[in-house]
Amino acid sequence: MSKVAIVTGSAGGLGKGIAERLCSDGFSVVVHDINEQLLNETVNEFKNKGYDVIGVKGDVSKRNDQFNLVKKGVEKFGHLDVFVNNAGIDAVSPFLEITEEQLNKLFSINVNGVVFGTQAAAEQFISQKSKGKIINACSIAGHESYEMLGTYSATKHAVKSFTHSAAKELAKYQITVNAYCPGVAKTKMWDRIDEEMVKYSDDLKPGEAFEKFSSEIALGRYQTPEDVANLVSFLASDDADYITGQAILTDGGLVYR
Ligand SMILES: NC(=O)c1ccc[n+]([C@@H]2O[C@H](COP(=O)([O-])OP(=O)(O)OC[C@H]3O[C@@H](n4cnc5c(N)ncnc54)[C@H](O)[C@@H]3O)[C@@H](O)[C@H]2O)c1
Ligand SMILES: CC(=O)[C@H](C)O
């Protein structure tokens, strides 16, 4: 019987890389996203590669969608082993321009989404009477608070905090809760961050905000989805059974904690 993983926001970006790696690790995978067209494309691509996947559309900020996601995964594959709370969004603005709308949107997706996903997965693990692994997308911005990324950084600090508290409460069920903290990866998210940072700057040209952040990376290159997936693959494996409550940096040497 193959292991089963759900990865939220996995039609593109880092989530897609994580979902593909878990497929090649032998998992049956529920690919999930709010973007239905991209979701269908990714599911078809994975099926053509011979992976055992289904697609479920949903919005992580809606509690019912998160419980429906687990239900659909279990209806198809019979059980659940790993839930990756990957979906997240960005926002760029000076602190004095942070709006109520920005705060509500980012917290609702990046934080509420992680809480609801953790609750839905944990209920399933408890009812199965099995161990289970919950793996959350944090960031270097969950360890360091960046200028122009104040709201985003606050959401990732909240993800780290919920990773700690959920790990403490769920350990008695043999459920582990950990987080991966990527650095700077060239996904759609960084395309948007770069575009916004350039708008707010007098001297940055398109691409230069990304280059500026990347130039600080000790290992001398920006991150790929595969770099992130390497860590998530480990956290999803039995080799990580004794690790819980950790928010692990994978950033090529950028933030040192
Ligand atoms: N790219 C980076 O450098 C970087 C660094 C650190 C952390 N992260 C984190 O990694 C995660 C993935 O980032 P990414 O760069 O792949 O982003 P991305 O924007 O490239 O992809 C995110 C995916 O999530 C989906 N999504 C967005 N809102 C959703 C919602 N409400 N419900 C369901 N799906 C939704 C999008 O449609 C998209 O497919 C995020 O949590 C992000 O904060 C990214
Ligand atoms: C997008 C992200 O989390 C970091 C700041 O690269």
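Just above, that's the structure.
The present account deals with the structure reproduced in this document.

Scoring rules and cut-offs
Residues numbered from 1 in each chain as written. Chains lettered and ligands numbered in written order. Predicted model: local features only at pLDDT ≥ 70, side-chain atom pairs only at ≥ 80, totals over all residues. Heavy atoms only, no water. Helix = DSSP H or I, 4+ residues; strand = E, 2+ residues; numbered from the N terminus. Buried < 20%, exposed > 50% of the residue type's maximum accessible area, 1.4 Å probe, protein only. Contact = heavy atoms within 4.5 Å. Axes fitted to C-alpha atoms, helices over the stretch in contact; angles between N-to-C directions. Parallel < 35°, antiparallel > 145°, perpendicular 65-115°, else oblique. Left-handed = near helix turned anticlockwise from the far one by under 90°. Nonpolar A, V, L, I, M, F, W, Y, C, P; charged D, E, K, R; others polar. Near = heavy atom within 4 Å. Polar contact = N/O pair within 3.5 Å; in protein donor to acceptor, adjacent residues only side chain to side chain. Areas by Shrake-Rupley, 256 points an atom, 1.4 Å probe, with all protein chains shown as cover.

Points about the environment of Asn-86
Thinking step 1. In this fold, Asn-86 is placed in the loop between β4 (82-85) and α4 (100-128).
Thinking step 2. In this structure Asn-86 comes out as buried when scored by relative accessible area, which is 10%.
Thinking step 3. It is 15 Å that separates the C-alpha atoms of Asn-86 and Ile-140, two residues lying 54 residues apart in sequence.
Thinking step 4. If we ignore the near neighbours within four places in the chain, the residues touching Asn-86 are Val-7, Thr-8, Gly-9, Leu-14, Gly-15, Ile-18, Ala-137 and Tyr-180.

Focus on the packing of α4 against helix α5 (residues 150-170)
Thinking step 1. It is at 9 Å that the axes of α4 and α5 come closest, and there the two elements cross at 20°. On the basis of the axis angle, α4 is roughly parallel to α5. Crossing of α4 over α5 shows right-handed handedness. Every residue of α5 that contacts α4 at Gln-102, Leu-103, Leu-106, Phe-107, Asn-110, Val-111, Val-114, Val-115, Thr-118 and Ala-122 is listed here: Thr-151, Tyr-152, Ala-154, Thr-155, Lys-156, Ala-158, Val-159, Phe-162, Ala-166 and Leu-170.
Thinking step 2. When grouped by side-chain class, the residues that make up the contact of α4 with α5 number 14 nonpolar, 5 polar and 1 charged.

As for the site of ligand 1
Thinking step 1. Looking at ligand 1, there are 30 residues lining it, with Leu-14, Asp-33, Tyr-152, Ala-185 and Thr-187 nearest.
Thinking step 2. In the model, an oxygen atom of ligand 1 is placed 2.7 Å from a nitrogen or oxygen of the Leu-14 main chain.
Thinking step 3. Between Tyr-152 and ligand 1, the recorded distance is 2.6 Å, taken from a side-chain N or O atom to an oxygen atom.
Thinking step 4. In isolation ligand 1 offers 830 Å² of accessible surface; the protein chains occlude 94% of this area.
Thinking step 5. Contributions of two or more residues to the shell around ligand 1 are made by α1 (13-24), β2 (28-33), α5 and α6 (188-199).
Thinking step 6. Ranked by the residues each element gives to the shell around ligand 1, the list is headed by α6, at 4 residues.
Thinking step 7. A per-class count over the shell around ligand 1 returns 14 nonpolar, 11 polar and 5 charged.

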